[in-house]
Amino acid sequence: MSANLTEGTVQDGAQAAFSVQKIYVKDVSFEAPNAPLVFNEQGQPELNMNLNQKVGKLADDVYEVVLGVTLTCTIGEKTIYLAEVAQAGIFGLSGFDEPSLDAMLGIHCPTVLFPYARQAVSDLINQGGFPPFYLQPINFEGIYAEGLRRRAEQVAAASEGSTVVSEGGNA
């Protein structure tokens, strides 16, 4: 799906265009709250990853997409480390119809940003004195499809809840 989106669905006969204007780290944080004692901890570490995305319109056909990755490592109740990266990019998207634009912002842009975020998280963890950790590839198309499904369910639930049945009579 994303391969044909780069060619785009055109709007008003215009050719769809996608460009990466800038990629940058918007925010970064690393904490090892129990260091140096944590380096002697025994046990199986548990990793929890949180992924989020924000999209903002900067100008006509120019968008900022921020991919947030938070990785928390714990052993038992003790936090070993917390790595947070907000990897951002400025993208030019013109000539796309609304559904294609939404898909480009929800699939293609985070796919472009992810390798940068993955490297930043890996570097933070390594510089924190911990063994390297490499985030596995993420299927942003699947995440986007799940989001569309949830939105459709919410719209359906809202329309069912707001259905008014008229019972006749004069007011």
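What you see is a predicted model; the values in this text were computed from it and never measured. Starting from 1, residues in each chain are numbered consecutively following that chain's sequence as written. Totals for whole chains, interfaces and linings use every residue, but because this is a predicted model, local features are given only for residues with pLDDT of at least 70 and side-chain atom pairs only at 80 or more, for both listing and counting. Side-chain calculation: all heavy atoms of the structure are included, whereas hydrogens and water are not.

Draft legend 1. Highlighting the overall build of the chain. A run of H or I in DSSP becomes a helix once it reaches four residues, and a run of E becomes a strand once it reaches two; helices and strands are each numbered from the N terminus. Within the chain, the secondary structure is distributed over 3 helices and 4 strands. Helices (α) and strands (β) of the chain occur, in sequence order from the N terminus, as α-β-β-β-β-α-α. Throughout, exposure labels follow a simple rule: accessible area from a 1.4 Å probe, protein chains only, divided by the maximum for the residue type, with under 20% read as buried, over 50% as exposed, and the rest as partly exposed. When the 171 residues of the chain are sorted by exposure, 32% land in the buried category. Restricting to contacts in the chain with at least 6 residues of sequence separation, those with at least 24 account for 71%. In this description, accessible areas are obtained by the Shrake-Rupley approach with a 1.4 Å probe, and a residue is regarded as covered only by the protein chains that are shown. Total accessible area on the chain stands at roughly 10500 Å², and carbon and sulfur atoms take up 51% of it. Whether two residues are in contact is decided by their heavy atoms: any pair within 4.5 Å suffices.

Draft legend 2. Main features of the packing of aromatic side chains. We call Phe, Tyr and Trp rings a pair once their centres come within 6.5 Å, taking the six-membered ring for Trp, and we label the pair stacked below 30 degrees between planes, edge-to-face above 60, and tilted otherwise. Inspection of the entire model under this criterion finds 6 aromatic pairs. A centroid spacing of 5.0 Å and a plane angle of 45° characterise the contact between Tyr 81 and Phe 130, whose relative ring orientation is tilted. Highlighted residues: Tyr 81 in strand β4 (residues 78-94) and Phe 130 in the loop between α2 (98-127) and α3 (140-161), separated in sequence by 49 residues. Residues Tyr 81 and Phe 130 agree in their burial class; the two are buried. Measuring from ring centre to ring centre gives 5.9 Å for Phe 114 and Phe 140, while their planes differ by 65°; the resulting arrangement is edge-to-face. Here the residue Phe 114 occupies a position in helix α2, and Phe 140 occupies one in helix α3, the gap between them amounting to 26 residues. Residues Phe 114 and Phe 140 agree in their burial class; the two are buried. Three or more aromatic residues joined by ring pairs make a cluster, and in this case those are Phe 30, Phe 39, Tyr 81 and Phe 130.

Draft legend 3. Just the nonpolar core, in detail. Here, nonpolar core means buried Ala, Val, Leu, Ile, Met, Phe, Trp, Tyr and Cys residues that are tied together by side-chain atoms lying within 4.5 Å of each other. Grouped together as the largest cluster of nonpolar side chains are 30 residues, with contacts concentrated most on Leu 67, Ile 80, Tyr 81, Leu 93, Leu 105, Val 121 and Ile 125. Among the secondary structure elements, those contributing two or more residues to this core are β3 (62-75), β4 and α2. When residues in this core are grouped by element, the largest group, 11 residues, is from α2. Not counting residues within four places of it along the chain, the set of residues in contact with Leu 93 comprises Ala 17, Phe 18, Asp 61, Tyr 63, Leu 101, Met 104, Leu 105 and Cys 109.

Draft legend 4. Fine view of unusual backbone geometry. The omega torsion of the bond from Ala 35 to Pro 36 falls at 5°, within 30 degrees of zero and hence cis. Along the chain, Pro 36 turns up in the loop between β1 (17-31) and β2 (46-59). The phi dihedral of Asp 61 falls on the positive side, at around 65°, and the residue is not glycine. Tracing the chain through its elements places Asp 61 in the loop between β2 and β3. A residue is classified by how much of its surface remains accessible, and Asp 61, at 37% relative accessible area, is partly exposed.

Draft legend 5. A look at α2. Along its 30 residues, α2 runs 42 Å from first to last C-alpha, staying within 8% of the 44 Å computed at 1.5 Å per residue. The quantity called bend is, for any residue, the angle between two axes fitted respectively to the seven residues ending at it and the seven beginning at it. Along α2, the sharpest change in direction is near 35° and occurs at Met 104. Downstream of α2 by one or two residues, Gly 129 has phi in the positive range, about 90°. For a helix, the expected span equals 1.5 Å multiplied by the residue count minus one.

Draft legend 6. Here's a closer look at the pairing of β4. A large share of β4 lies buried, amounting to 13 of its 17 residues. For two strands to be treated as a pair, DSSP must find no fewer than two bridges joining them. Here β1 runs beside β4; their pairing, made up of 13 bridges, is antiparallel. In the sheet register, Ser 19 faces β4, and the bridge partner there is Gly 92. When β3 meets β4, the two strands line up antiparallel, connected through 14 bridges. Its bridge partner lying in β4, Thr 74 is registered against Thr 79. What sits between the antiparallel neighbours β3 and β4 is a turn of 2 residues, in which Gly 76 has the positive phi angle 65°.

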